[in-house]
Amino acid sequence: MMAMAVFKSPLKGEFHGERKKMEGKQYKQMNHLLQKHSTGRRRVFVQTETGCVLGVELDRNDNVHTVKKRLQVAFNFPTDESSLTFGDMVLKNDDLSAVRNDSPLLLKRNLMHRSSSTPCLSPNENDLQKKDRSGPIEILSHSSCFLSLKETAKDIVEAMKIGVEPVLVNGGLGGAYYFRNEKGQSVAIVKPTDEEPFAPNNPKGFIGRSLGDPGLKPSVRVGETGFREVAAYLLDYDHFANVPPTALVKITHSVFNVNDGVNGNNSREKKKLVSSKIASFQKFVAHDFDASDHGTSSFPVASVHRIGILDVRILNTDRHGGNLLVKKLDDDGVVGRFGQVELIPIDHGLCLPETLEDPYFEWIHWPQASIPFSEEELDYIQNLDPVKDCDMLRRELPMIREACLRVLVLCTVFLKEAASFGLCLSEIGEMMTRDFRAGEEEPSELEMVCIEAKRLAAEQECLSPISDLEGETEFQFDLDYDDLESVYDSKTQTDVSTFAKNPFSNGRSSPGKLEGSSITEEEETEEEARLARSLSKLSTSRKKNNLSSNMGSNFSKPPRVRTEKSLSSHKSANVQLPVGANFVKLTDMKEVEWVVFLEKFQELLESAFAERKSMALMNRQRLGTSCQF
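Residues numbered from 1 in each chain as written. Predicted model: local features only at pLDDT ≥ 70, side-chain atom pairs only at ≥ 80, totals over all residues. Heavy atoms only, no water.

Per an unreviewed UniProt entry, the chain goes by the name 1-phosphatidylinositol 4-kinase and belongs to Noccaea caerulescens. In its Sequence similarities (unreviewed entry) section, the UniProt entry covering the chain states "Belongs to the PI3/PI4-kinase family. Type II PI4K subfamily." (UniProt positions renumbered as here; feature names shortened; annotations may be inferred.)

Rendered as structure tokens:
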């Protein structure tokens, strides 16, 4: 019989006033739990780069060395030449202090030891289940915001006991499953991280990369869309944009896909394998259709605005009609609701990229996006606090990368300043979106502001050199778009003077530089020439006139980063990967430089917004300005 295991770690303060009321066996049991908590016992979930997952109990005496030895026994292969990673952090020097209870870790082979003869980290799943004492559904957080999902998980476990099976979702490029309750009703959608596009166990043939490699979007790694889904839910304060409750889970079932070796063949037809997965777990919302099947004129202005506000904050690179669910409200008998609909945004796995990507906002040309923000919406925007946002995400999703948090900070600051200046949602979205001219991609207005802010920050005299301290911990910040099998770790440098000064820092490190680039000098010269032509056009464009005039001859052209490279002979989505440009890097700045950059960025925004407004005055015939809602 399968049982739902929910581990709760009580805090001493919660029971301080209740001790006298507890007697006999009950008090002894509670005291045992408190002692266990105080000794630092934790549980983590280790995932290999091929998707295998094992729950591991840690005590205060465990270190990286002892954990890797235990994994070597469990997975039945040598782990000496593998790295144990926790988000940006490569765990080393036997230190596990940064690892939180119920955190997911990734066991990844080192670059120099990868070869065709190197065995895959793919132990027998049935053997792993015998060594894993965790329950069938484990929510990897104890936050109160996931309480409703814990109840949903319990309902699913009860349904599993009586044989109610999950159902594979046919659409999409990745593996997704509807999990049902005892009545056979879909109550959650589960997306395993190792079944994403390009991931090792993708059930639809889109394979070819390991977890941690660049994914469908170059700045979103394979296996990391799941925590982004959770981040979007956590950032949707007060359910403002209507994102369904979403959590990260460790989940076990035989329905999940496990490919047979490196060929990507589905082994499910051969035998039933009980597999444990790290996955996003989202509450299913009943709906009538999605926005791609329905005219947008009936969409409420407030709903479009609220979803757009969230998309801007998280730099959503994939907001299209297919991930906006539409639910009719005129069937519940409420007077005055005939024809009204509710919008539910889903699929946020491609938000919070590690660099400034080109976003995709389908709502950008909807007439509702040209309507000014309401007072309620302006109040909500002005109350956003990117510092608290980052602290919250580090607390709830400790594996999140600092590069993602820098994008969140930048876009939130941009949104707040733009709304305060009087820009509407469509204008904000347009300023963040790149243009294509003569077949070439050009920096967005937001990126042009960032380019100038970086130049001004670099010129500021007060940035006197301070001796850097080489950190003892390795972090992973930059994606190498050119060599998909490169190692993403680099020694970090930390400025001790910035820990107290920088409100956007967690005090851990500053991003390291990319190593091992495979771009040739000829290719780099060609790409820089293309960018130079692009910037030359921008300098004569009225759209970018104010900023370009300030750049002058000292403007340094950012390198254009190539993103397309052959992966394997397997069926893949290589042809779907756009040849994108990385015009602005936020991760190449140390902490003190990041603070100065943000100051310069904010100083430049007013002139950029004024230029945008003057353009709007010259072109009054905007789509939807005469529509009434």
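Once you've had a look at it, read on.
S.K.: Describe the overall build of the chain, naming the residues involved and giving the relevant values.
M.R.: Looking only at helices and strands, the chain features 14 helices and 20 strands. Expressed as a percentage of the 629 residues in the chain, the buried residues total 55%. Of all intrachain contacts in the chain linking residues separated by at least 6 positions in sequence, the fraction that spans at least 24 positions is 72%. Taken as a whole, the chain presents about 28,000 Å² of accessible surface, with 49% of it coming from carbon and sulfur. (Helix = DSSP H or I, 4+ residues; strand = E, 2+ residues; numbered from the N terminus. Buried < 20%, exposed > 50% of the residue type's maximum accessible area, 1.4 Å probe, protein only. Contact = heavy atoms within 4.5 Å. Areas by Shrake-Rupley, 256 points an atom, 1.4 Å probe, with all protein chains shown as cover.)

S.K.: Now, about the sheet that holds strand S7 (residues 167-168): what can you tell me, with residues and values included?
M.R.: One open sheet accounts for six strands, arranged S6-S10-S13-S9-S8-S7; its pairing is antiparallel. Unpaired on one side and paired on the other, strand S6 (137-139) and S7 mark the two borders of the sheet. Note: strand S9 (residues 186-192) against strand S13 (residues 275-283), five bridges, orientation antiparallel. By the bridge assignment, Pro-192 is partnered in S13 with Ala-279. Each of S9, strand S10 (246-253) and S13 touches helix H5 (residues 225-235); the most contacted strand, S10, lies at about 140° to it. (Pairing = 2+ DSSP bridges. Axes fitted to C-alpha atoms, helices over the stretch in contact; angles between N-to-C directions.)

S.K.: Account for the packing of helix H6 (residues 301-313) against helix H10 (residues 425-432), with residues named and values stated.
M.R.: Packing of H6 against H10 brings their axes to within 10 Å, and their N-to-C directions diverge by 25°. The pairing of H6 with H10 is recorded here as roughly parallel in orientation. Crossing of H6 over H10 shows left-handed handedness. Residues Val-304, His-305, Gly-308, Ile-309 and Val-312 of H6 form the contact with H10, whose participating residues are Leu-425, Ile-428 and Met-432. The residue inventory of the contact of H6 with H10, partitioned by class, reads six nonpolar, two polar and no charged. (Parallel < 35°, antiparallel > 145°, perpendicular 65-115°, else oblique. Left-handed = near helix turned anticlockwise from the far one by under 90°. Nonpolar A, V, L, I, M, F, W, Y, C, P; charged D, E, K, R; others polar.)

S.K.: Give a detailed account of the pairing of strand S15 (residues 324-328), specifying residues and quantitative values.
M.R.: Pairing between strand S14 (residues 289-290) and S15: two bridges, direction antiparallel. Counterpart to Asp-290 in the pairing with S15 is Leu-325. In this sheet, strand S16 (residues 341-345) lies alongside S15 in antiparallel orientation, the contact comprising five bridges. Its bridge partner lying in S16, Lys-328 is registered against Val-341.

S.K.: Just give me the short version of the environment of Gln-460, but keep the residues and values in it.
M.R.: Relative to the elements of secondary structure, Gln-460 occurs in the loop between helix H11 (445-459) and strand S19 (469-476). Spatially, the C-alpha atoms of Gln-460 and Glu-593 are 9.9 Å apart, while their sequence positions differ by 133 residues. Not counting the four nearest positions on each side in its chain, Gln-460 is found in contact with Val-596 and Lys-600.

S.K.: Run through the state of the cysteines, naming residues and quoting values.
M.R.: Taken as a whole and judged by the stated rule, the model has zero disulfides. No disulfide involves Cys-351; its sulfur sits 8.5 Å from the nearest other cysteine sulfur, which is in Cys-404. The class of Cys-351 is buried, set by a relative accessible area of 0%. Cys-411 carries a free sulfur, and the closest cysteine sulfur to it, the one in Cys-450, is 8.3 Å from it. (Disulfide = S-S within 2.5 Å.)

S.K.: Tell me about the environment of Pro-386, residues and numbers included.
M.R.: Here Pro-386 shows up in helix H8 (residues 386-396). Its relative accessible area of 7% is what places Pro-386 among the buried residues. Sequence separation between Pro-386 and Leu-405 is 19 residues, and the spatial gap between their C-alpha atoms is 8.9 Å.

S.K.: Got a sec to walk through the sheet that holds S15? Specific residues and values, please.
M.R.: Judged by pairing direction, the sheet is antiparallel, and its three strands sit side by side in the order S14-S15-S16 without closing on themselves. On the outer flanks of this sheet lie S14 and S16, each paired with one strand and no other.

S.K.: Any details on the environment of Pro-345? Residues and values, ideally.
M.R.: In this fold, Pro-345 is placed in strand S16. The class of Pro-345 is buried, set by a relative accessible area of 0%. Considered as a pair, Pro-345 and Ala-232 are 113 residues apart in the sequence and their alpha carbons are 9.9 Å apart. Beyond its immediate stretch of four places on either side in the chain, Pro-345 contacts Ala-241, Asn-242, Val-243, Pro-244, Ile-307, Arg-319, Asn-323 and Leu-324.

S.K.: With reference to specific residues and values, describe the packing of helix H9 (residues 402-421) against H10.
M.R.: One can describe the packing of H9 onto H10 by two numbers: an axis separation of 10 Å at closest approach and a directional angle of 140°. Taken together, the axis directions place H9 and H10 in an arrangement best described as oblique. For the pair H9 and H10, the crossing hand works out as right-handed. For the pair H9 and H10, contact is made by Cys-411, Phe-414, Leu-415, Ala-418 and Ala-419 and by Ile-428, Met-431 and Met-432, respectively. Looking at side-chain class alone, the contact of H9 with H10 contains eight nonpolar, no polar and no charged residues.

S.K.: Quick rundown of the pattern of salt bridges? Include the residues and the values.
M.R.: All told, the structure shown has 29 salt bridges when counted by the stated rule. Residues Glu-354 and Arg-221 are paired through a salt bridge, measuring 2.7 Å at the closest nitrogen-oxygen approach. Taken together, the residues Glu-354 in the loop between S16 and helix H7 (375-382) and Arg-221 in the loop between S9 and H5 connect sequence positions 133 residues apart. The exposure class of Glu-354 is buried, given its relative accessible area of 1%. The partner of Arg-394 in a salt bridge is Glu-402, with the nearest N and O atoms 3.0 Å apart. Relative accessible area serves as the criterion here: at 15%, Arg-394 is assigned to the buried category. (Salt bridge = Lys/Arg side-chain N within 4 Å of Asp/Glu carboxyl O.)

S.K.: Break down the side chain of Gln-282 for me, citing the residues and quoting the values.
M.R.: Within the secondary structure layout, Gln-282 lies in strand S13. A distance of 2.9 Å separates polar atoms of two side chains, one belonging to Gln-282 and the other to Thr-246. Non-local contacts of Gln-282, meaning those with residues more than four positions away in its chain, are made with Val-187, Ala-188, Ile-189, Glu-229, Pro-244, Pro-245, Thr-246 and Ile-346. (Polar contact = N/O pair within 3.5 Å; in protein donor to acceptor, adjacent residues only side chain to side chain.)

S.K.: I'd like to hear about the nonpolar core, residue by residue, with values.
M.R.: Counting residues in hydrophobic clusters, the biggest one holds 123 residues, and the most contacted among them are Leu-393, Phe-597 and Phe-601. A total of twelve residues in this core trace back to one element, the largest contributor, which is H9. Dropping the residues within four chain positions of it, Leu-393 is found in contact with Ala-231, Leu-234, Leu-235, Pro-398, Ile-400, Leu-405 and Leu-408. Leu-106, Phe-198, Ala-199 and Leu-211 belong to the second largest nonpolar core, which has five residues in total. (Core = buried A, V, L, I, M, F, W, Y, C linked by side-chain atoms within 4.5 Å.)

S.K.: Kindly report on unusual backbone geometry, identifying the contributing residues and their values.
M.R.: A positive phi is found at Leu-315, a non-glycine position, where the angle reads about 45°. Non-glycine residue Ala-438 carries a positive phi angle of around 55°. Relative to the assigned elements, Ala-438 resides in the loop between strand S17 (435-437) and strand S18 (440-442).

S.K.: Quick rundown of the confidence of the model for the chain? Include the residues and the values.
M.R.: Regions with low pLDDT carry predicted coordinates that are not meant to be interpreted in detail. Averaged over every residue, the pLDDT of the chain is 75; residues scoring 70 or more account for 65%. Per-residue pLDDT stays below 50 along residues 1-39; that stretch engages in 39 contacts with residues further than four places along the chain or on separate chains. Low pLDDT, under 50, characterises residues 530-549; the stretch is placed with 46 contacts to residues that sit more than four places away or in other chains. (pLDDT = per-residue confidence, 0-100.)

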